[in-house]
Amino acid sequence: MIFLGTGITDNIPPIKNIYSTLGTSTYICPDCDGYEITDKQTVVLGGGNAGAGMALTLLYWSKDIIYVNHLKSKIDDEYREKLKANHIPVIEEEVCEVHVDAQQQLTGIQLGSGKIIKAEKAFTAFKGNKLNNDLALQLGVQVNENNHVVIHPRTKETNIKGVWAGGDLVAHSEQVTISMGDGTQAAIWIHKRLLGQPLPYD
Ligand SMILES: Cc1cc2nc3c(=O)[nH]c(=O)nc-3n(C[C@H](O)[C@H](O)[C@H](O)COP(=O)(O)OP(=O)(O)OC[C@H]3O[C@@H](n4cnc5c(N)ncnc54)[C@H](O)[C@@H]3O)c2cc1C
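Residues numbered from 1 in each chain as written. Predicted model: local features only at pLDDT ≥ 70, side-chain atom pairs only at ≥ 80, totals over all residues. Heavy atoms only, no water.

Q: Help me get a handle on the side chain of Asn69, residues and values and all.
A: Mapping Asn69 onto the fold places it in strand E5 (residues 65–69). Overall, the relative accessible area of 0% leaves Asn69 in the buried class. With near-sequence residues (within four places) excluded, Asn69 lies in contact with Gly46, Gly47, Gly48, Ile75, Ile91, Glu92 and Glu93. (Helix = DSSP H or I, 4+ residues; strand = E, 2+ residues; numbered from the N terminus. Buried < 20%, exposed > 50% of the residue type's maximum accessible area, 1.4 Å probe, protein only. Contact = heavy atoms within 4.5 Å.)

Spelled out as structure tokens, the structure:
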């Protein structure tokens, strides 16, 4: 029996100090951490439409948003108009450093030009997250149109008998509790397989 839980590797560029702030003052998931920026100065570090979309999404929690298009990639007119209408400044410059205090909390960012933008919080929005499905593909496991592993909704078994999967590898929700639930549910059915009991679709 094999359970695959190889997840996703998020694309977060190696900007100086950024990794030490992840999860405490720099976030990637508005559904998970949007509330953390409530009414706070927030800078979105990203690229093109992905960053623009994130900046607009975050308006629900804070109106004090600045978007830094670190990758300097194209932002469509439709997004530019919405950013302008919502008074979100767009800075087309690379970020060279995240400034932190003694507790490794973000205090601002420094641009390539040397300019410092003060902020209490940051969100990242870069395209190119990597789905770690190599092992699954090697085993011949079925994947969907987004290359996520397909599993039985109840048992979490894949199309290959004895190969199970869960977490970010199979769903796009990227939530710890869902990953844990997948693993727990799979364990129940793996146990039944080990006991030689039939599964609902056998
Ligand atoms: C900065 C950040 C903040 C987050 N905040 C939240 C939050 O507040 N709430 C929330 O619910 N979720 C949050 N998430 C998402 C959450 O971390 C994921 O949804 C969850 O960890 C997914 O669990 P998983 O077991 O599927 O994969 P992971 O936790 O990604 O674990 C996969 C593991 O498999 C390993 N691996 C990959 N390929 C191979 C291989 N070929 N061989 C061996 N090992 C391999 C990886 O190195 C990794 O250790 C956050 C994620 C990030 C990056």
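Let's pick the thread back up.
Q: Tell me about the site of the ligand, and please be specific about residues and values.
A: As a structural note, the neighbourhood of the ligand is formed by 15 residues, with Gly5, Asp168, Glu174, Gln175 and Val176 the closest of them. Glu174 is positioned such that a nitrogen or oxygen atom in its backbone is 3.4 Å from an oxygen atom of the ligand. Look at the ligand: alone it shows 1000 Å² of surface, and the protein chains cover 54% of it. Listing elements by their share of the shell around the ligand, those giving two or more residues are helix H2 (30–33) and helix H6 (176–194). For the shell around the ligand, a count of residues per class yields 4 nonpolar, 7 polar and 4 charged. Looking at the shell around the ligand, you find at least three residues from each of domain 1 (11–125) and domain 2 (133–194). (Near = heavy atom within 4 Å. Polar contact = N/O pair within 3.5 Å; in protein donor to acceptor, adjacent residues only side chain to side chain. Areas by Shrake-Rupley, 256 points an atom, 1.4 Å probe, with all protein chains shown as cover. Nonpolar A, V, L, I, M, F, W, Y, C, P; charged D, E, K, R; others polar. Domains from an automatic or database assignment.)

Q: I'd love a proper account of the sheet that holds strand E6 (residues 90–91), names of residues and values included.
A: Read across the sheet, 5 strands follow the order E3-E10-E4-E5-E6 without closing on themselves; strand pairing throughout is parallel. In this open sheet, the two strands that pair with only one neighbour each are strand E3 (26–27) and E6. As paired strands, E5 and E6 are joined by 2 bridges and run parallel to one another. The partner of Val68 across the bridge, within E6, is Ile91. Helix-sheet contacts for helix H3 (residues 48–58) involve strand E4 (42–46), E5 and strand E10 (121–125), and the interaxial angle to E5 is about 175°. (Pairing = 2+ DSSP bridges. Axes fitted to C-alpha atoms, helices over the stretch in contact; angles between N-to-C directions.)

Q: Before we move on, can you summarise the environment of Ile188 with the specific residues and values?
A: The topology assignment puts Ile188 in helix H6. Residues Ile188 and Thr155 lie 33 residues apart in sequence; the distance between their C-alpha atoms is 8.0 Å.

Q: How would you summarise the sheet that holds strand E7 (residues 95–100) if you had to cite specific residues and measurements?
A: What links the strands of a sheet is backbone hydrogen bonding, and the strands pair in either a parallel or an antiparallel sense. Across the sheet, which stays open at both edges, the 3 strands sit in the order E7-E8-E9 with antiparallel pairing between neighbours. Strand pairing shows two members of the sheet lacking a second neighbour, E7 and strand E9 (116–118), which therefore form its edges. Strand-to-strand, the axes of this sheet are offset by a mean angle of 25°, without reference to chain direction. Pairing between strand E8 (residues 106–111) and E9: 3 bridges, direction antiparallel. Paired with Ile109 across the strands is Ile117, a residue of E9.

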